[in-house]
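# Close look at the chain arrangement
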Amino acid sequence: MEYFSTIAKWISDKAAQSYVGFAAFLIVLVWAMTGVPFHFSVMWHLMMGTFSAVISILMLFIIQNSQNRHTIAIQLKLDEIIRATKGAHNEMMDIEKLTDEDLGRIQKKYGLLAEKTKEDLKEGKLDTHTPLL
């Protein structure tokens with residue numbers, strides 16, 4: 001697993017370079033031009049379709065791996081901000097593991113808080129306080 005992660009990280013880092021987009025454009029151009037000598041035969045279509053499907057599936061897994069790493073890193077950074085902020089609810093650090101129902105209840109609490117804050121703003125009050133949930 002570590003081997004795949006290392007390779008996936010390397011590929012995703014390289015694939016994000018601008019010259020890779022240009023290279024992909026050239027590959028598509030050459031791909032289209034190779035159809036002419038083969039008269040866009042059924043065999044040419046099968047080979048190109050198979051090749052593009054394999055590349056697409058591999059890139060799907062590489063992108064998903066990269067996205068998961070980035071999501072975990074962002075979550076850890078947010079957890080550190082919550083941990084270091086006085087008055088923050090530390091229970092929020094593990095919130096991604098809650099059930100949909102629990103997340104819905106918390107979302108409703110914050111929605112009510114937002115509505116209360118909008119009302120306060122209309123009355124000329126500040127919205128910089130930290131009310132308890």
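Residues numbered from 1 in each chain as written. Predicted model: local features only at pLDDT ≥ 70, side-chain atom pairs only at ≥ 80, totals over all residues. Heavy atoms only, no water.

## Remarks on the overall build of the protein chain
Helix and strand content of the protein chain: 4 helices and 0 strands. The order of α-helices and β-strands along the protein chain, N terminus first, is α-α-α-α. Taking 133 residues into account, the globule formula puts the C-alpha radius of gyration at 14 Å, and the protein chain, at 25 Å, lies well above it. Seen through its principal axes, the protein chain has C-alpha atoms that stretch 75 × 40 × 30 Å. When burial is assessed residue by residue, the protein chain has 11% of its 133 residues classed as buried. Counting only contacts in the protein chain whose residues sit at least 6 apart along the sequence, the fraction spanning at least 24 positions is 35%. Of the accessible surface of the protein chain, which amounts to about 11200 Å², a share of 69% is contributed by carbon and sulfur atoms. Distance from the positive charge centre (14 side chains) to the negative charge centre (15 side chains) of the protein chain: 3 Å. (Helix = DSSP H or I, 4+ residues; strand = E, 2+ residues; numbered from the N terminus. Rg over C-alpha atoms; globule rule 2.2 N^0.38 Å. Buried < 20%, exposed > 50% of the residue type's maximum accessible area, 1.4 Å probe, protein only. Contact = heavy atoms within 4.5 Å. Areas by Shrake-Rupley, 256 points an atom, 1.4 Å probe, with all protein chains shown as cover. Lys, Arg positive; Asp, Glu negative; His and termini not counted. Charge placed at Lys NZ, Arg CZ, Asp CG, Glu CD.)

## Examining unusual backbone geometry
For H39, which is not glycine, the phi torsion reads 55 degrees and is therefore positive. Relative to the elements of secondary structure, H39 occurs in the loop between α2 (18–34) and α3 (42–84). A positive phi angle, close to 50 degrees, is found at F40, a residue other than glycine. Tracing the backbone shows F40 in the loop between α2 and α3.

## Thoughts on the environment of D13
Note on placement: D13 falls in helix α1 (residues 2–15). A relative accessible area of 39% places D13 in the partly exposed class. Separated by 53 residues in the primary sequence, D13 and S66 place their C-alpha atoms 9.0 Å from one another.

Shape descriptors only; they carry no functional weight alone.
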